[in-house]
Amino acid sequence: MLNKIKRILIELGGIHRFVMRFFRELVRPPYEFKEIIKQCYEVGWKSLPLISLTGFITGIVFTNQSRPSLAEFGATSWLPALISIAIIRALAPLVTALIASGKVGSQIGAELGSMKVTEQIDAMEVSGTNPFKFLVVSRVLATTITIPILSLYTACVGLLGAYLSVNQHESTSFVVYFSQVFEAVSYLDIFSLVLKAVVFGYTIGIVGCYQGYNSSKGTEGVGKAANWAVVMSMFLIFVEEILIVQIIQGMRT
Amino acid sequence: MVNEREHIDQHTKVITVKGVSKSFGDLDVLRGVDLHLFKGENLVVLGRSGTGKSVLIKLISGLLKPDTGTIEVLGEPVDELDEKALQLLRLKIGFSFQSSALYDSMTVRENLEFPLVRNKRHLSRNEINSEVEDVLDAVGLLHTIGQMPSELSGGQRKRIGIARTLILRPEIMLYDEPTAGLDPITCIEINGLINEVQEKYKTSSIIITHDLACAKSVGDRIVMLLDGSFERGGSFDEIFDTNDERVKPFYDYNFII
């Protein structure tokens, strides 16, 4: 039991040092702009098809599932407002982050893990390149920048999917639908979406990099790094979701 | 008698290791190791797997820190340098990894350009291309310039790995098991390449190996790592002129079996 506690404390110490090093390296030149842009392309652009599909389907399904409850009270005209609040406040950042943690988090964990066990990270270090800055800082920045953009995109695609359903069943026009959508959301809702997405993006990047950068035990370690990158980041995303919702609720009142 | 070549400057030590110990948990890997490398010398470190040979060169390059003892490379104490000074010192040290450690996501050209564009930012595109082609030509693999590492054979990967370290014109080369996992013909080619590199680039080298043919072919001096410290040193013949039961099977396995 004592050994287990000791191991957990050592792990927490390692995570703390890793996070602190990230912020140190972030502000210290030289800056790897080219690599950051490349990683933004990898994380953002390459996730678009999956995010588009998921966001679109989420919008349709959520609308179809919400309609019967509102129909009981003859309030289906509230659907656009309900959908916009649900998608912008909760679904868009959460769905994007969960998809990204599965796709991007595991990719980062596996990539850095395999680089670690095949000595590529050591090779970078001995050739006068700071591997932490090149590999970790660029990837964490890329996820922190692109997840908010992807979340806004998911919100748009989700709202479009919802519009198809609303248009089909309630014969609501495009203009009326979107005017109701924008009437229902406030700047605080958009702010909360972006805030959550920034925090989720950072979490996905830092957890994936931590697991990959510290992986060991050969190919088994690479698999574990990818797996833990997803499990840990999903767990943290839900914890952060609860905390940020509480903070935003406090700001709302 | 140590195999002395003209190029060895016996008055200048480029690496000095004094009383270095390193443990991993309860496992004592190195116990008070002393070692020096003369300028222009090819020093072979022989030993069985798991005796800490690779750990030794990782300590020398600053990838690991010793528990006790001191390491000086080109007059600088490796374990006392700050990050920036260590990074500068590393530019003078070429490290050829056992696994070659080529960057999988980059072509051969990008692998070779990587250290160059980061450390010699003043170079023009033409100069970079010329440097890359020069070192690739030196290892005889200019035709692979556009290929991915996954398309190369084990021997080619080793050569490209060596080329990547040469591109920064290091003063010291550290080879970690350069012939491990290669067929005998490729081993001979790699041994030849190590000697060519020494002659062309005037490097001083430490070659970690358990391959006696490699040791005999490239070593000016050989030291043998036994039980965590160096107990034997000298020429190839001196090393194996012994009845030490820890040394003899090593020789027998390589040359008789």
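Going by the structure above, here's the rest.
Counting restarts for each chain, with residues numbered from 1 along the sequence as it is written. Both sets of labels track the order of writing: A upward for chains, 1 upward for ligands. In keeping with the predicted nature of the model, local features appear solely for residues at pLDDT of at least 70, side-chain atom pairs appear and are counted solely at 80 or more, and the whole-chain, interface and lining totals rest on all residues. The basis for every side-chain value is the complete set of non-hydrogen atoms in the structure, without hydrogens or water.

**Student:** Can you explain the overall build of chain B? Please cite residues and give values.
**Tutor:** A run of H or I in DSSP counts as a helix once it spans at least four residues, and a run of E counts as a strand once it spans at least two, with each numbered from the N terminus. Scanning chain B from N- to C-terminus turns up 9 helices and 10 strands. For chain B, whose C-alpha radius of gyration is 18 Å, the value lies close to the compact-globule estimate of 18 Å for 257 residues. In terms of principal-axis extent, the alpha carbons of chain B reach across some 55 × 45 × 40 Å. Relative accessibility thresholds used throughout: buried, under 20% of the residue-type maximum; exposed, over 50%; partly exposed, between the two (1.4 Å probe, protein chains only). Within chain B, the fraction of its 257 residues that count as buried is 53%. Taking the intrachain contacts of chain B between residues at least 6 apart in sequence as the baseline, contacts between residues at least 24 apart amount to 67%. We get accessible surface area from the Shrake-Rupley algorithm with a probe of 1.4 Å; when it comes to residues, only the shown protein chains can shield them. By element, 48% of the accessible surface of chain B is carried by carbon and sulfur atoms, the whole surface being about 11,600 Å². Charged residues are defined narrowly, with Lys and Arg counted positive, Asp and Glu counted negative, and His plus the chain ends left uncounted. Think of each charge as sitting on NZ of Lys, CZ of Arg, CG of Asp or CD of Glu. Separation between the mean location of the 30 positive side-chain charges and that of the 40 negative ones in chain B comes to 4 Å. The globule rule used here is 2.2 Å times the number of residues to the 0.38 power, and the radius of gyration it is set against is calculated over C-alpha atoms. Every residue pair with non-hydrogen atoms within 4.5 Å of one another is taken to be in contact.

**Student:** Give a description of the overall build of chain A that names residues and reports values.
**Tutor:** Of the regular secondary structure elements, chain A holds 9 helices and 0 strands. Traced from its N-terminal end to its C-terminal end, chain A shows the element sequence α-α-α-α-α-α-α-α-α. The C-alpha extent of chain A, read off along each of the three principal axes, is 65 × 45 × 35 Å. Burial statistics for chain A: of 253 residues in total, 47% are counted as buried. Taking the contacts inside chain A whose residues are at least 6 apart along the sequence as the reference set, 84% of them involve residues at least 24 apart. Of the accessible surface of chain A, which amounts to about 12,500 Å², a share of 71% is contributed by carbon and sulfur atoms. Across chain A, the 20 positively charged side chains and the 16 negatively charged ones have centroids separated by 6 Å.

**Student:** Go over the nonpolar core with me, naming the residues and quoting the values.
**Tutor:** Residues and elements named next belong to chain B. Counting residues in hydrophobic clusters, the biggest one holds 73 residues, and the most contacted among them are Ile-15, Ile-60, Val-73, Leu-174 and Ile-206. Leaving out residues up to four positions away in the same chain, Val-73 has contacts with Val-14, Ile-15, Ile-60, Val-78, Leu-89, Ile-93 and Ile-172. Counting 42 residues, the second largest nonpolar core, distinct from the first, contains Leu-112, Leu-212, Ile-239 and Phe-240. Grouping buried Ala, Val, Leu, Ile, Met, Phe, Trp, Tyr and Cys residues that are joined through side-chain atoms within 4.5 Å yields what is termed a nonpolar core.

**Student:** An account of the interface of chain A and chain B is requested, with residue identities and associated values reported.
**Tutor:** Each partner contributes to the interface: chain A provides 19 residues, whereas chain B provides 23 residues. At the boundary of chain A with chain B, total buried surface from both sides reaches about 1,700 Å², with 49% on carbon and sulfur atoms. One side-chain nitrogen of Lys or Arg within 4 Å of one carboxyl oxygen of Asp or Glu is enough to make a salt bridge. Summed over the shared surface of chain A and chain B, the result is 4 salt bridges. Here a polar contact is recorded for every N or O atom pair within 3.5 Å, except that within protein the pair must consist of a potential hydrogen donor and a potential acceptor, and residues adjacent in sequence are included only if both atoms are side-chain atoms. At the boundary of chain A and chain B, one finds 8 residue pairs in polar contact (both at pLDDT 80 or more). If you list the elements that add at least two residues to the side of chain A that touches chain B, you get helix 1 (2-27) and helix 5 (120-126) of chain A. Per-element accounting of the side of chain A that touches chain B gives the leading share, 6 residues, to helix 5 of chain A. Two parts placed together each lose some accessible area; with a 1.4 Å probe, that loss summed over both constitutes the buried area.

**Student:** Which residues make up the pairing of strand 4 (residues 68-73) of chain B, and what are the values?
**Tutor:** Residues and elements named next belong to chain B. At least two bridges found by DSSP between two strands are what make those strands a pair. Bridge count for strand 1 (residues 9-24) against strand 4 is 5 bridges, and the pairing is antiparallel. Each bridged residue has a counterpart across the sheet, and for Ile-15 the counterpart in strand 4 is Val-73. Between the antiparallel neighbours strand 4 and strand 5 (residues 76-77) lie 2 residues, among them Leu-74 with a positive phi of about 50°.

**Student:** Can you tell me about the sheet that holds strand 2 (residues 27-39) of chain B, naming the residues and giving the values?
**Tutor:** Strand order in the open sheet formed by 4 strands is 2-1-4-5 (chain B), and the pairing between neighbours is antiparallel. With one partner strand each, in any of the chains shown, strand 2 and strand 5 of chain B form the two edges of the open sheet.

**Student:** Outline the pairing of strand 6 (residues 93-96) of chain B, supporting the account with residue identities and numerical values.
**Tutor:** Residue and element names in this part refer to chain B. Of the two faces of strand 6, the one lined by Ile-93 and Phe-95 and the one lined by Gly-94 and Ser-96 are each fully buried. Relative to strand 7 (residues 172-176), strand 6 runs parallel, the two being bridged by 4 bridges. The partner of Ile-93 across the bridge, within strand 7, is Ile-172.

**Student:** Help me get a handle on the packing of helix 6 (residues 131-170) of chain A against helix 7 (residues 174-184) of chain A, residues and values and all.
**Tutor:** All names here are of chain A. A fitted line through C-alpha atoms serves as each axis, taken over the contacting stretch for helices, and the angle formed by two N-to-C directions is quoted from 0 to 180°. Where helix 6 meets helix 7, the closest approach of the two axes is 11 Å, and the angle between their N-to-C directions is 125°. Relative to helix 7, the element helix 6 is oriented oblique. Crossing geometry of helix 6 relative to helix 7 is assigned as right-handed. Contacts between helix 6 and helix 7 involve Leu-159, Leu-160, Ala-162, Tyr-163 and Val-166 from the former and Phe-174, Tyr-177, Phe-178 and Val-181 from the latter. Each residue gets one label: Ala, Val, Leu, Ile, Met, Phe, Trp, Tyr, Cys and Pro are nonpolar, Asp, Glu, Lys and Arg are charged, and the others, such as Gly, are polar. Residue classes in the contact of helix 6 with helix 7 are distributed as 9 nonpolar, no polar and no charged. Small angles under 35 degrees read as roughly parallel and large ones over 145 as roughly antiparallel, with 65 to 115 read as roughly perpendicular and the rest as oblique. When the near helix sits turned anticlockwise from the far one by under a right angle, the crossing is termed left-handed; a clockwise turn instead gives a right-handed crossing.

**Student:** Run through the packing of helix 4 (residues 79-117) of chain A against helix 9 (residues 218-252) of chain A, naming residues and quoting values.
**Tutor:** Helix packing geometry: the angle between the two helix axes and the distance between the axes. All names here are of chain A. Helix 9 packs onto helix 4 with a crossing angle of 150° between their chain directions and a minimal axis gap of 8 Å. The angle between helix 4 and helix 9 falls in the class roughly antiparallel. The chirality of how helix 4 crosses helix 9 is right-handed. Residues belonging to the contact of helix 4 with helix 9 are distributed by class as follows: 14 nonpolar, 9 polar and 3 charged.

**Student:** Help me get a handle on the environment of Gly-75 of chain B, residues and values and all.
**Tutor:** All names here are of chain B. Relative to the elements of secondary structure, Gly-75 occurs in the loop between strand 4 and strand 5. Assessed through its relative accessible area of 54%, Gly-75 is described here as exposed. Expressed as a C-alpha distance, the spacing of Gly-75 and Lys-13, which sit 62 residues apart in the sequence, is 8.4 Å.

**Student:** Break down helix 3 (residues 48-72) of chain A for me, citing the residues and quoting the values.
**Tutor:** Residues and elements named next belong to chain A. In this scheme, a helix's expected span is set at 1.5 Å multiplied by one less than its residue total. With 25 residues, helix 3 should reach 36 Å at 1.5 Å per residue; the first-to-last C-alpha distance of 37 Å fits that figure. A bend of about 30° at Ser-66 is the largest found in helix 3, and the proline Pro-68 appears one to four places after it. Listed as buried for helix 3 are Ile-51, Ser-52, Gly-55, Gly-59, Thr-63, Ser-66, Arg-67 and Leu-70. In the core, the buried residues of helix 3 are packed alongside helix 4 and helix 6. Of the residues flanking the end of helix 3, it is Gly-74, one or two places downstream, whose phi is positive at about 65°. For a residue, the bend is simply the angle between two axes, fitted respectively to the seven-residue segment ending there and the seven-residue segment starting there.

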